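Residue-level listing of the chains:
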Amino acid sequence: MGVVGEKLQPTLFERSRPGRGEGKIPHPPADALDRIPASARRATPPALPELNEPEVVRHYVNLSQLNFAIDTGFYPLGSCTMKFNPKLNEWAARLPGFASLHPLSPDEVAQGTLELLWRLEQALAEIGGMQAVTLQPAAGAQGELTGILMIRAYHRSRGDTERLDVLVPDSSHGTNPATATMAGFRTVTIPSAADGGVDVDAFRAALGPRTAAVMITNPSTLGLFEKRIGELLDAVHEAGALAYMDGANLNAIMGRFKPGEAGFDVMHFNVHKTFSTPHGGGGPGAGPVGVGEKLLPFLPSPRVLREGDGTFRLERPGERPESIGRMRSFVGNTGVLVRAYAYICAHGGSGLEQVSEDAVLAANYLKRRVGEAYEIPYDRACKHEFVASAAGMKKRTGVRTLDIAKRLIDYGFHPPTIYFPLIVEEGMLIEPTETESVETLDAFADALIAIAAEAETDPGLVTGAPHTAPVRRLDEATAARQPNLRWRPMTGRQMPCPD
Amino acid sequence: MPYGPHTEADRAKMLAALGIDAVDELFSDIPAALRATGLRLPAPEPELELSARLAALAGRNRTDLAAFLGAGVYRHWTPAAVDQILLRGEWYTAYTPYQPEVSQGTLQSIYEYESLIAELTGLDVVSASHYDGAAATAEAALMACRQTRRKRVLVSHAVHPHYRQTLATYFEAGLEFDEVPVVPDGDAAGTVDLAALERLLADPERPVAGVLAAQPNFYGLLEPMAQIGELAHAAGALFVAVVEPVSLAVLAPPGAYGADIAAGEGQPLGIAPQYGGPYLGLLACTEALVRQIPGRLVGMTTDLDGKRAYVMTLRAREQDIRRDRAASNICTNQALLALAASVYLATIGPHGLRDVAALGAVRAAELEAALAAVGAPRLHPGPYLNEFAVRVPDARAVHRRLLGLGVLGGLVLADIEPDDPALADALLVCATEVTTAEEISRFAAALEDAIGRSPVGADARSGSDGRGAGLRTTPAGVGRR
């Protein structure tokens, strides 16, 4: 049951033949570059491949078919919220008025986009229970950095320069501690409590006059709502620190928990998760950040402002001196934000509430089904995702979670996130999302249950998987020991082209 | 709900399997005091109505202008194949190809992207992409600090202001940077002041990790990159070139003039301007720096049967493995945009890219002549590729009048650099292969009209040799062609 294409492709460079692919661009006069000094000119042209358009198209179409994608099958990759990406949004982002707009256009030229961005800010503020939102951060991780830099600016504005610690639970995304380091803080990792939640007492013990911020993902990366979040937020504020909410798991709680109203001072949104913008094998994303009252003055610039006469404009350089400044060039990943706005409007308030309800219902249903054959380490109502474990199976049969993941490929499913969070032995983080039917959920559970049986009766079948993918398991050790990171003609002799 | 599959019967089936009556029970772990009571947002908008409203919003942006605005983002012609490939849903995968066996399409496309950018930059290691040119530049500066274990970088004042501002934000947490001024006048006006650079590098108390300069620079001028690099290296610093990728078809690549790192904005490679992004942060470095480069790297390897295959590699630099000791917090990159750039390069090929760059230069020379003829001479005398600054009296007012005449007359430099007196009353304009002769005439005619209606401009045009009130003395050679 192959789920992806089988035609491995030679590289663009191997397909190249000198003289192919001319004729798209008119030739400039021969003296076109005469006024460029020779010292600044390129001596030899870059050795880019020469191909004609049909070859390029065939190359990329065949390559695309080697991918498992959300448009080809069920993709329950925990923490990634692989929901359907509505096609309307792709159409909208390509409307010439949006797509061709230069980011330094005068405000009067850009009123349509500015209005859209302003309305998106309002909607996100409502969803997050925040006072205001910046759309500038390019991704969730950059949103985290934005938030932590604002927290730093906040403490400094109060003359409080001794706060150098950021507390994170051990179940957090790796971006949280990495962000704290980038912002010049020291990360203090707090172990989780036995029930998988944050250990409020351990946090309380670690909080103090040196704590700048606490970063919490809620629901947690185990898919569990932090029941003691109120106590924790109180303790954080009593200590004079601020609370950051990693919004990666917002898909579970829209309309039921608003981080800002609950006491979080700042949060980021992953529009490429909750609001369906396509991930594309690595991006693009966008990571808008919402803030409460305390951090308002520090928002990055420029913000989108609505004037009294109903027109919109960008802040001018230097207009808000307390701002932490600029996180990137221009306004933000506007093309991504157009898609997110379309998604939010198509759903409306009631639709977004339904999204979260269905995502949580589907996850709990799937957890119940998967629990027929696997351990569920934290067996209480989950939110949009849950962790299952194959620790017992590994002990009995030697089959590991990695093997189960590879075997799922043979059954036509994308594997869940495995070995994350790090605190669960042989863990699988499974997130079905709200756009998958009950039939799909059942088929996936049936596959996992069948693999559990195979592990007992024919473990080699599982440990040798995948059997139907275009390639088998990879030699990652050699890839790291002798990195081959770019094409060179000799590569073709060492590693012959597959076709 | 527009995209959900669940019927009431489906929901009932799931609830029954869970032994509960209502989905509310699954949310009972949210403390009552902290529960929200729904979203105050408009009602769902059916696609039929939403699509019309979105089209109307898009229509409120003006796309009818003859546009000469560049300043880091450029209008180019893109082969239709690029977007057709990008629209294929098979590319819409998770942002980490955790399962290489079913991600070979994405992985090979990233490997090919790395190879293509390596050819363009002359540097061997290329990251799978960063957010944009500004973030890539900031990451390059951080790389230099990690590699040299020094805490200070020097950045040319003629690097894009947004990149310098982003660098300032990233460096807020304990690193320092100083700006290298540009030469104020003479033949080298607007390019890096080499003597000042030498002085800034000479401070033994504050050793320099890296020197950043842009080619072409923000004013479109060509910098003496080899000399800047030599000065940087002599002081034990790395040299970071901030580059524009189309220009690399005709300009010397960073690897040829000794740059250790190249950073830049990949938008010109087949990516629409779309008001700021998503774009493509280019980041490349020498092999010596491979363990310092942040972001994902894809390498070629083999599978168990010896078949050629691709995989993410050297992952011990990354946040999900190294957490607080990672090279960066970057997680998401811009893979779809890297794909766009690759398809663009593959489709137009090396000759096409050279023609794009050379046509831009030709159109820009025509633009220079046309603007000079109506009283807007160049601000700097040095060579440029396809973008340059012109001196225009009362630039902000003139720019506004041009809009009324259907022309987006570049960028008012004082709007982006309000504190730089050298840039008062100047417009930064560019031309590319899509700029037409008709647009250039329209711009020139409109500019003549707009300047003519400016009191300062009228004075300048009536023969006082271009030195209007509030303008800097004209450097020798301005307006030559």
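Going by the structure above, here's the rest.
Residues numbered from 1 in each chain as written. Chains lettered and ligands numbered in written order. Predicted model: local features only at pLDDT ≥ 70, side-chain atom pairs only at ≥ 80, totals over all residues. Heavy atoms only, no water.

A. Spotlight on the interface of chain B and chain A. Of the residues lining the interface, 184 residues belong to chain B; the matching set on chain A comes to 208 residues. Taking both sides of the interface into account, the surface hidden between chain B and chain A amounts to around 16700 Å²; carbon and sulfur atoms contribute 64%. When the area that chain B buries against chain A is broken down by residue, the three leading residues are Tyr275(B), Arg308(B) and Arg323(B), summing to 6%. Joining chain B to chain A, the criterion identifies 16 salt bridges. With 24 residues, the single largest contributor to the side of chain B that touches chain A is helix H10 (residues 335–373) of chain B. Classifying every residue of the side of chain B that touches chain A by side-chain character gives 104 nonpolar, 44 polar and 36 charged. (Contact = heavy atoms within 4.5 Å. Buried area = accessible area lost by both parts, 1.4 Å probe. Salt bridge = Lys/Arg side-chain N within 4 Å of Asp/Glu carboxyl O. Helix = DSSP H or I, 4+ residues; strand = E, 2+ residues; numbered from the N terminus. Nonpolar A, V, L, I, M, F, W, Y, C, P; charged D, E, K, R; others polar.)

B. Main features of the packing of aromatic side chains. All chains considered together, the criterion is met by 17 aromatic pairs over all chains. Each ring, one from Phe84(A) and one from Tyr3(B), has its centre 6.0 Å from the other, and the planes form 50 degrees; the classification is tilted. Residue Phe84(A) is located in the loop between helix H2 (53–64) and helix H3 (87–93), and its partner Tyr3(B) is located in the segment before helix H1 (8–18); the two belong to separate chains. Assessed through its relative accessible area of 28%, Phe84(A) is described here as partly exposed. Ring centres 6.3 Å apart and planes at 65 degrees place the aromatic pair Phe275(A) and Tyr343(A) in the edge-to-face group. Within this pair, whereas Phe275(A) is found in the loop between strand E6 (266–269) and strand E7 (289–291), its partner Tyr343(A) is found in helix H11 (residues 334–370), the two being separated by 68 residues in sequence. Neither residue differs from the other here; Phe275(A) and Tyr343(A) are each classed as buried. Chaining the aromatic ring pairs together yields one cluster made of Phe74(A), Phe413(A) and Phe444(A). It is Arg35(A) that lies over the ring of Tyr384(B); its NZ or CZ is 4.2 Å from the centre. (Phe/Tyr/Trp six-rings, centres within 6.5 Å; stacked < 30°, edge-to-face > 60°. Buried < 20%, exposed > 50% of the residue type's maximum accessible area, 1.4 Å probe, protein only. Lys NZ or Arg CZ within 6 Å of the ring centre and 35° of its normal.)

C. Fine view of the pairing of strand E4 (residues 176–180) of chain B. Residues and elements named next belong to chain B. The sheet contact formed by strand E3 (residues 152–156) and E4 spans five bridges and is parallel. For Arg 152, the partnering residue across the bridge sits in E4 and is Glu 176. For the crossover from E3 across helix H6 (residues 161–170) to E4, the handedness is right-handed. (Pairing = 2+ DSSP bridges. Right-handed = clockwise from strand over helix to strand, strands pointing away.)

D. Quick look at the pattern of salt bridges. With the rule as written, the count across this model stands at 58 salt bridges over all chains. Across the salt bridge formed by Glu426(A) and Lys394(A), the nearest N and O atoms sit 3.4 Å from each other. In this pair, Glu426(A) is assigned in the loop between strand E11 (417–418) and strand E12 (427–430) and Lys394(A) in helix H12 (residues 391–397), connecting sequence segments 32 residues apart. You can call Lys394(A) partly exposed: its relative accessible area is 35%. Here Glu45(B) makes a salt bridge to Arg53(B), at a shortest N to O gap of 2.6 Å. We classify Arg53(B) as partly exposed; its relative accessible area is 27%.

E. Region of interest: the sheet that holds strand E11 (residues 387–391) of chain B. All names here are of chain B. Strand order in the open sheet made by the three strands is E11-E14-E13, with antiparallel pairing throughout. The sheet terminates laterally at E11 and strand E13 (411–412), the two strands that pair on one side only. Two strands pair when backbone bridges link them, and E11 and strand E14 (residues 426–430) are joined in this way by five bridges, in the antiparallel orientation. Of the residues in E14, the one forming a bridge with Glu 387 is Cys 430. Of the strands in this sheet, E11 and E14 are in contact with H10, which crosses E11 at around 5 degrees. (Axes fitted to C-alpha atoms, helices over the stretch in contact; angles between N-to-C directions.)

F. Local environment of H1(B). For H1(B), the set of buried residues is Asp10(B), Arg11(B), Met14(B), Leu15(B) and Leu18(B). On an axial view of H1(B), the arc spanned by its buried residues comes to 130 degrees, and they lie on one face. Across H1(B) from its buried face, at more than 90 degrees, point the exposed residues Glu8(B), Ala9(B) and Ala16(B). At its buried positions, H1(B) is contacted by H11 and helix H14 (438–457) of chain A. Once H1(B) finishes, Gly19(B) follows within two positions and takes phi at roughly 70 degrees, a positive value. (Arc of directions from axis to C-beta.)

G. Structural context of the sheet that holds strand E1 (residues 132–134) of chain A. Residues and elements named next belong to chain A. Overall, mixed pairing links the seven strands, which are arranged E1-E7-E6-E5-E4-E2-E3 in an open sheet. Edge positions in the open sheet fall to E1 and strand E3 (186–190), since each of these has one partner strand only. Strand-to-strand twist in this sheet, taken as the mean axis angle between neighbours without regard to direction, amounts to 25 degrees. Note: E1 against E7, three bridges, orientation antiparallel. In the strand pairing of E7, Val 133 is matched with Gly 290. Its contacts with the sheet place helix H6 (residues 140–157) against strand E4 (211–217), strand E5 (242–247), E6 and E7, and it is angled at close to 170 degrees to E5. Taken strand by strand, helix H7 (residues 175–182) contacts strand E2 (165–169), E3, E4 and E5, and its axis lies near 155 degrees from that of E3.

H. Layout of the layout of surface pockets. One number sums up the size of the largest pocket: a volume of about 1400 Å³. The wall of the largest pocket is formed by 50 residues, among which Glu315(A), Arg316(A), Pro317(A), Asp415(B) and Ile416(B) lie closest to the centre. If you list the elements that add at least two residues to the lining of the largest pocket, you get strand E9 (312–314) of chain A together with H6, E4, helix H11 (395–404), E13 and helix H12 (413–416) of chain B. If you tally residues by element for the lining of the largest pocket, the top one is H6(B), at six residues. Among the residues forming the lining of the largest pocket, the class breakdown is 20 nonpolar, 13 polar and 17 charged. What the second largest pocket holds in volume is close to 1000 Å³. (1 Å grid on protein atoms, 1.4 Å probe; cavity = no way out; pocket = protein on both sides within 12 Å on 5 of 7 lines; lining within 4 Å. Points joined across faces, edges and corners; volume = space filled by probe spheres on them.)

I. Representation of the packing of helix H7 (residues 194–201) of chain B against helix H8 (residues 225–234) of chain B in the model. All names here are of chain B. H8 packs onto H7 with a crossing angle of 15 degrees between their chain directions and a minimal axis gap of 10 Å. It follows from the interaxial angle that H7 and H8 lie roughly parallel. For the element pair H7 and H8, the recorded crossing hand is right-handed. Here Leu 194, Leu 197, Glu 198 and Leu 201 of H7 come into contact with H8, specifically with Gln 227, Ile 228, Leu 231 and Ala 232. (Parallel < 35°, antiparallel > 145°, perpendicular 65-115°, else oblique. Left-handed = near helix turned anticlockwise from the far one by under 90°.)

J. Region of the structure containing unusual backbone geometry. Here the residue pair Ser301(A) and Pro302(A) is connected by a cis peptide bond, since its omega of 0 degrees sits within 30 degrees of zero. Examined against the element boundaries, Pro302(A) turns out to sit in the loop between E7 and strand E8 (304–306). Omega for the peptide link from Gly277(B) to Pro278(B) comes to 5 degrees, which places this bond in the cis form. You can see Pro278(B) is positioned in the loop between strand E7 (261–265) and strand E8 (281–285). Although it is not a glycine, Thr81(A) sits at a positive phi angle of roughly 45 degrees. Its identity is not glycine, yet Ser276(A) carries a phi of approximately 70 degrees, on the positive side.

K. Fine view of the packing of H6(A) against H7(A). Residue and element names in this part refer to chain A. The contact between H6 and H7 brings their axes to 9 Å, and the two run at 45 degrees. On the basis of their axis angle, the class for H6 and H7 is oblique. The interaxial crossing formed by H6 with H7 has right-handed handedness. Contacts from Ala 141, Glu 144, Leu 145 and Ile 148 in H6 reach Thr 175, Asn 176, Thr 179 and Met 182 in H7. Grouping the constituent residues of the contact of H6 with H7 by class yields four nonpolar, three polar and one charged.

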